[in-house]
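# Fold and contact review
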Amino acid sequence: MINQVASLQTEFVQRRKTWLPYGRQWIDEADIQAVVAVLQSEYLTTGPQIEHFERKLALRVGASYAVAFSNGTAALHAACYAAGIGPGDEVITTPITFAASANCVLYQQGIPVFADIDEQTYNIDPNQVAALITPRTKAIIPVDYSGQPADLHELRAIAKEHGLVVIEDAAHALGAAYDGQPIGSISDMTMFSLHPVKQITSGEGGVITTNSLAYYEKLLEFRSHGIVRDPVRWSQESAPVGWYYEMQSLGYNYRLTDMQAALASSQLDKLDRFVELRSEYAAYYDEAFSQFSLIKTPFQKESRQSSWHLYVIQLELEFLSTDRNQIYNELIAENIGVQVHYIPVYLHPYYQQLGYAKGQCLKAEKLFERMLTLPLFPSMTHEDVQDVIDAVFRVIGKYAC
Ligand SMILES: *Cc1c(COP(=O)(O)O)cnc(C)c1O
């Protein structure tokens, strides 16, 4: 009886009492004040805060231009438009990503082509990309998966050789660098997402950075109905009257509000601190699991400075008497908000209906069966990190075989 009570108590103590999500925003008083100030000002949308944020972000990542959008998916759509992706054009991307990285190609009636991943970094493998290039290939969309920059130099060389545009999906990688060069200044266009689980947030939001004036102008046009406000670019010699503007292409309303831009600017002030904390917690995980042979910790290339959006472990299923889903369920039962990033895009029913075959990226599919994302965000406490470590040892350790 006494023993039973004791063991029940141990179990109770071991399980986290509150839910720990895999990611969560960090909002402070400065953020709140920044939004409130806009609410009390003249402009709620496309006012001074948009340009202020765009300049601040471009400066931070070392790009000439930044264009803010209503979300990262809209930003990717705009980048595909600016790159000239049209019906039947092929665009090569990775299957280990959020569906938006490929959906943006479909929006333009292009054809997403999936290249398999590098087994170590889980980023797109440049050799696989090169092997898939055809006369119809127009662009490459690499993803800086989990915050670790993709092989951008190799991809750039391939793109240059074949006249392709590189649209980097850096939704995970604001604050990351490749050999010390900030992500956002390297590819033809780079997309950042401002969703609450990402590095910084504006609620919803996205940005494209570029060094090209031509792309910059196309992005601005696409964001606001295809309307051109610069008289130099009008079809008429001079403006008939003051109210005049021209719609020259089919654009959308993909604008960000000034409240959101103010929030994003305020969040950007904290980016370095956020990345520092994420890196610190990732290092704790690395250290704790370094001798734990049942999982693989994230491999990092020497030349890459990750922004640590995700901490993804791989289960060594050969040494385990269960599968990923059982371990997922048990960690969730422990209040540890593990996740799976991602279902290979082409395995989604929509892509299956389009005719994408299972088995086309075997490394991605193998990884998918084994991967789990552990909670990682800057407002975690050291106790939260320790709870995750304890639960991982307890749950996974049980299935050693
Ligand atoms: C979050 C994310 C997006 C989309 O960004 P939204 O702002 O949510 O539209 C695109 N690609 C990747 C890899 C992402 O993680």
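Note that the structure is a prediction, hence the values are computed from the model and not measured.

### Regarding the sheet that holds strand 4 (residues 137-141)
Pairing is mixed across the open sheet formed by seven strands, whose spatial order is 1-9-8-5-4-2-3. Of all strands in the sheet, those with a lone pairing partner are strand 1 (65-69) and strand 3 (111-114), marking the two edges. Between one strand axis and the next, the sheet turns through 25° on average, direction left out of account. Of the strand pairs in this sheet, strand 2 (residues 90-93) and strand 4 are connected by four bridges, and their pairing is parallel. Looking at strand 4, one finds that Thr-93 is bridged to Ile-141.

### Here we look at the pairing of strand 4
Among the five residues of strand 4, four are classified as buried, and the element is accordingly described as predominantly covered. Across two bridges, strand 4 lies against strand 5 (residues 165-169) in parallel orientation. Paired with Ala-139 across the strands is Val-165, a residue of strand 5. In this fold, the crossover linking strand 4 to strand 5 by way of helix 7 (residues 152-162) has right-handed handedness.

### Description of the site of the ligand
Around the ligand sit 16 residues in total, of which Gly-72, Thr-73, Asp-169, Ser-193 and Lys-198 are the nearest. A distance of 2.6 Å is found between an oxygen atom of the ligand and a side-chain nitrogen or oxygen belonging to Thr-73. Interatomic distance of 2.9 Å between a side-chain N/O atom of His-172 and an oxygen atom of the ligand. The protein chains hide 93% of the 380 Å² of surface that the ligand would expose on its own. Its atoms largely coinciding with the cavity grid, the ligand occupies the second largest pocket. Among the secondary structure elements, those contributing two or more residues to the shell around the ligand are helix 4 (72-82), helix 5 (100-107) and strand 8 (189-193). Looking at the shell around the ligand residue by residue, the class counts come to six nonpolar, eight polar and two charged.

### Brief notes about the UniProt feature "active site" (unreviewed entry) in the protein
According to UniProt, the "active site" (unreviewed entry) feature falls on Lys-198. Assignment of secondary structure puts Lys-198 in the loop between strand 8 and strand 9 (206-210).

### Quick word on the packing of aromatic side chains
Following the criterion strictly, the structure yields 23 aromatic pairs and no others. Between Tyr-65 and Tyr-216 the ring centres are 4.4 Å apart and the planes differ by 20°, which places this aromatic pair in the stacked class. Of this pair, Tyr-65 sits in strand 1 while Tyr-216 sits in helix 8 (residues 213-223); the two residues are 151 residues apart in sequence, bridging distant segments of the chain. Through successive ring pairs, a cluster of aromatic residues spans Tyr-285, Phe-289, Phe-292, Trp-308, Tyr-311 and Phe-393. A cation over an aromatic ring shows up here: Arg-229 above the ring of Tyr-245, its NZ or CZ 5.4 Å from the ring centre. Over the ring of Phe-368 we find Arg-324, and its NZ or CZ is 5.2 Å from the ring centre.

What counts, and where the lines are drawn
Residues numbered from 1 in each chain as written. Predicted model: local features only at pLDDT ≥ 70, side-chain atom pairs only at ≥ 80, totals over all residues. Heavy atoms only, no water. Pairing = 2+ DSSP bridges. Helix = DSSP H or I, 4+ residues; strand = E, 2+ residues; numbered from the N terminus. Axes fitted to C-alpha atoms, helices over the stretch in contact; angles between N-to-C directions. Buried < 20%, exposed > 50% of the residue type's maximum accessible area, 1.4 Å probe, protein only. Right-handed = clockwise from strand over helix to strand, strands pointing away. Near = heavy atom within 4 Å. Polar contact = N/O pair within 3.5 Å; in protein donor to acceptor, adjacent residues only side chain to side chain. Areas by Shrake-Rupley, 256 points an atom, 1.4 Å probe, with all protein chains shown as cover. 1 Å grid on protein atoms, 1.4 Å probe; cavity = no way out; pocket = protein on both sides within 12 Å on 5 of 7 lines; lining within 4 Å. Sits in = over half its atoms within 2 Å of the grid points. Nonpolar A, V, L, I, M, F, W, Y, C, P; charged D, E, K, R; others polar. UniProt positions renumbered as here; feature names shortened; annotations may be inferred. Phe/Tyr/Trp six-rings, centres within 6.5 Å; stacked < 30°, edge-to-face > 60°. Lys NZ or Arg CZ within 6 Å of the ring centre and 35° of its normal.

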